Amino acid sequence: MSGPSPAFRSAVALRDDALAGKLRVAEIVEETLARVARTEPTIDAFLHVDADGARARAEELDRRVAAGEASGRLFGVPIAVKDNICTRSMPTTCGSRMLEGYLPPYDAHVVERLLAEGAVLIGKTNCDEFGMGSSTENSAFKPTRNPHDPTRVPGGSSGGSAAAVAAGVVPLALGTDTGGSIRQPASLCGVVGFKPTYGAVSRRGLVAFASSLDQIGPFGASVLDVAHLASALAGHDPHDSTSAAFEPPDYASLLSRSVDGLRLGVHEDFLEKIKDAGVKERLRAAVRQLRDAGARIVRLDDLDFLTRVGIPTYYLVATAEASANLARYDGMRYGPREEAADLAATYARTRGARFGDEVRRRILLGTFALRAGHKDAYYERACKVRRLVQRAFAAAFERVDLMIGGTSPVAAFPLGRNVTDPVTMYRCDALTVPASLAGLPAASVPCGRTAEGLPVGLQILGPPRADAEVLSCASAFEQLSGRFGDLAPLAVEAAAEGDDA
Amino acid sequence: MDPGSIDAIARLARLDLDDDAKQRVQAELDAILETFRTLADVDVEGVPPLFHVGDPVGRPREDEPFDGASRDEILRNAPATRDGCYEVPRVLE
């Protein structure tokens, strides 16, 4: 069992030291940039590193400390941001040639919140193009590699953020989750990932993929750090009409709860029917640990429906929304333009040349699902099934407090293995898309490694707005497992080198 | 999905695809749609579609002007500009 990596100091510890003046933010930033330099040749987690901006920010924050004016839940904490979240100070490409060099005229709401809490933005992390993928191999610029085994993928689509945390580069990162894009890479990289309830976090400044599903959330090496960042992100934004009216509690202050008496639902599709023996064994052990600690494990036998319909329902809804959302990329307002004979031909040439294979595939699938004559059979039918998914979860949550199971049916797979086989790649999302369809809060917490040394994540799902309960259970499990982050050997090596220097 | 449909969908989506890409995408979409057939077996009689899981009540905010981005910041991303405006291909002959 691994303890905290020497490379890792928690965001909370860094913040407390920075606020107390024991550690200059400039030192934190220099150390972070040194780690970026040591790990990037192996993992390629970043699309853009803003060394100058981070140093200037550190100076500003250190001046606040000197003036006795320092405050903020994330004061001095270096944070990486997925490249589909708008940042005024850094390019935002969504991993796409369509937005190569795009410099947003404003910061996303969540970025404003990070800055207001005293965070330092380190850079933008690699992702599958527009968030479409489960391995980060669909980035137009480069694949990111898993810090636990660089021949394998980090998961996706927020693979750069997960890898940056797993490699001990940053204690916290922002990702986005449409069908599992925070939870699945968290699982494959051995870090904590959390998708808040749909609407808990404003989407203003998040480049839209599927608007009824997209949600921003945190990655971290411990649940406590993730809870702090989740609290900082959540809350109503008058500029996002889909952001919920509720003001979330301070999640971090609610984490000490034990699992004694907690009713945890388990369905066999999320556990016993997982084919990968190494993954299944770690998950079984996690369930045993929770039971031994007093949780009541409740078998939910009537939820086969969720995994049977999850993938097709999700992929029809998400691609239909994507086909509409991505209509804005036409070579007129941003991105490069590929001139052709007339306007329509210019649109088609620009889009054909600048979107990658998976994005084109999803736009076409979504266009098909929405096409006159097909809409009833595909998109609308999927939305009706989505209602049934929501009802099935609602019925389950009358019997249990939370649900637990696997995050991903597989551990990190080799680069290149699934990239030409969309059907197999989509199946990687089987255990994460049900919660997305119902807008539920869900976390992935490390629960050990396979015999090959690859991390496995335990997924914890709650009813809408049970974000605090999900994080609390995740924290209780983390204490049981004694596994505060499961950082990669690379992080340990990087720290050791740093100590020698 | 017949070859005519992939052409029609690509046209609707304003996406240029060469013949190789069309053939490949058609085979991929066929394979994807084949695995989606499980949805056809679900009884959805009388089930209202769920388009959105969020809070259904919109809350209008005060209509207060605020400083948006500057013209320069917005136009710096444009592929072509002229006289402080977007320059686009001719739409009307």
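An account of the accompanying structure is given in this report. (Residues numbered from 1 in each chain as written. Chains lettered and ligands numbered in written order. Predicted model: local features only at pLDDT ≥ 70, side-chain atom pairs only at ≥ 80, totals over all residues. Heavy atoms only, no water.)

Observations regarding a nonpolar patch on the surface
Turning to step 1, where the next piece is worked out: A grouping of I74, Y86 and V88 of chain B is seen on the molecular surface, where their side chains present a nonpolar patch of about 240 Å² in accessible area.
Turning to step 2, where the next piece is worked out: Among the residues examined, Y86 of chain B registers a relative accessible area of 35% and is labelled partly exposed. (Patch = residues over 30% accessible without salt bridge, like charges linked within 9 Å, V, L, I, M, F, W, Y side chains within 5 Å. Areas by Shrake-Rupley, 256 points an atom, 1.4 Å probe, with all protein chains shown as cover. Salt bridge = Lys/Arg side-chain N within 4 Å of Asp/Glu carboxyl O. Buried < 20%, exposed > 50% of the residue type's maximum accessible area, 1.4 Å probe, protein only.)

A look at the interface of chain A and chain B
Turning to step 1, where the next piece is worked out: Listed by partner, the interface residues are 70 residues for chain A and 53 residues for chain B.
Turning to step 2, where the next piece is worked out: Between chain A and chain B the total buried area reaches about 5,200 Å² when both faces are included, carbon and sulfur atoms providing 68% of it.
Turning to step 3, where the next piece is worked out: Ranking the residues of chain A by area buried against chain B places L364, R381 and K384 of chain A at the top, with a combined share of 12%.
Turning to step 4, where the next piece is worked out: The interface formed by chain A and chain B contains three salt bridges.
Turning to step 5, where the next piece is worked out: Across the salt bridge formed by R88 of chain A and E73 of chain B, the nearest N and O atoms sit 2.8 Å from each other.
Turning to step 6, where the next piece is worked out: The interface formed by chain A and chain B holds 18 residue pairs in polar contact (both at pLDDT 80 or more) in total.
Turning to step 7, where the next piece is worked out: Those elements that provide at least two residues to the side of chain A that touches chain B are α9 (304-325), α10 (343-354), α11 (357-370), α12 (376-399), α13 (422-427) and α14 (433-438) of chain A.
Turning to step 8, where the next piece is worked out: Ranked by residues supplied to the side of chain A that touches chain B, first place goes to α12 of chain A with 13 residues.
Turning to step 9, where the next piece is worked out: In the side of chain A that touches chain B, the residues fall into 37 nonpolar, 14 polar and 19 charged. (Contact = heavy atoms within 4.5 Å. Buried area = accessible area lost by both parts, 1.4 Å probe. Polar contact = N/O pair within 3.5 Å; in protein donor to acceptor, adjacent residues only side chain to side chain. Helix = DSSP H or I, 4+ residues; strand = E, 2+ residues; numbered from the N terminus. Nonpolar A, V, L, I, M, F, W, Y, C, P; charged D, E, K, R; others polar.)

Looking at the sheet that holds strand β7 (residues 263-266) of chain A
Residue and element names in this part refer to chain A.
Turning to step 1, where the next piece is worked out: Taken in spatial order, the eleven strands line up as β1-β3-β2-β4-β6-β5-β10-β11-β9-β7-β8 in an open sheet, and their pairing is mixed. Of all the strands in the sheet, the pair left with one neighbour each is β1 (46-49) and β8 (296-299). Within the sheet, the average angular offset between the axes of one strand and its neighbour, ignoring direction, is 30 degrees.
Turning to step 2, where the next piece is worked out: Pairing analysis gives three bridges linking strand β5 (residues 192-195) to strand β10 (residues 442-449), with the strands arranged antiparallel. Across the sheet, residue F194 finds its bridge partner in β10, namely A443.
Turning to step 3, where the next piece is worked out: Against the sheet, α12 makes contact with β7, β8, β9 (402-406) and β11 (455-461), and its axis sits at roughly 110 degrees relative to β9, the strand it touches most. (Pairing = 2+ DSSP bridges. Axes fitted to C-alpha atoms, helices over the stretch in contact; angles between N-to-C directions.)

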